[in-house]
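An overview of the molecular structure
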Amino acid sequence: MQEKKELSLTIKETEIHPNQEIHGIIEVNYNERFDTIVINSQIENSSDIFNYIQLNGKKINHPYARLSIYKKELEEKRIVDFIAITQHLPKNDYSKVKFRVSIIQEHKEVINAILFLKIKKGKDKNL
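Owing to the predicted nature of the structure, the values given are computational and were not obtained by experimental measurement.

Overview of the pattern of salt bridges
Applying the stated criterion across every chain yields a total of 3 salt bridges. Of the charged contacts in the structure, one is a salt bridge between lysine 120 and glutamate 15, with a shortest N-O distance of 3.6 Å. Of the two residues, lysine 120 sits in strand E10 (residues 108-120) while glutamate 15 sits in strand E2 (residues 15-16), which places them 105 residues apart along the sequence. Given a relative accessible area of 30%, lysine 120 falls into the partly exposed group. Residue glutamate 15 is classed as partly exposed on the basis of its relative accessible area of 40%. One salt bridge connects glutamate 106 with arginine 33, and the closest N-O pair in it is separated by 2.6 Å. Of this pair, glutamate 106 sits in the loop between strand E9 (94-105) and E10 while arginine 33 is found in the loop between strand E3 (22-28) and strand E4 (36-43), placing the two residues 73 residues apart along the sequence. The two residues glutamate 106 and arginine 33 agree in class, both being exposed.

The rules behind each value
Residues numbered from 1 in each chain as written. Predicted model: local features only at pLDDT ≥ 70, side-chain atom pairs only at ≥ 80, totals over all residues. Heavy atoms only, no water. Salt bridge = Lys/Arg side-chain N within 4 Å of Asp/Glu carboxyl O. Helix = DSSP H or I, 4+ residues; strand = E, 2+ residues; numbered from the N terminus. Buried < 20%, exposed > 50% of the residue type's maximum accessible area, 1.4 Å probe, protein only.

Written out as structure tokens, the structure is:
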């Protein structure tokens, strides 16, 4: 039987195009104390960002690379669903993206999970 990770990040899409939503799931099996879960996105060689538009089924508008979720906002939930979108247009065929989820306790990262995906050019009707 496989042991569950204390923190895991899954993104359904491995490649996206500009203005395409990504659907992420964070599973928290960390049983120690913590204050916050932080989702951080970084697009390689770019200052462009992802806009977080939905969190656990609620529409939000968070146009920043980092989204903090306080433990008290989670209540007793162990799964966090989010949707994000970017307008980033790669200069080459694609851009690499890193998503990092961290658990923070007293201003220190205690555990993290990292996932990579690509933003490919094209397939956006608005470009």
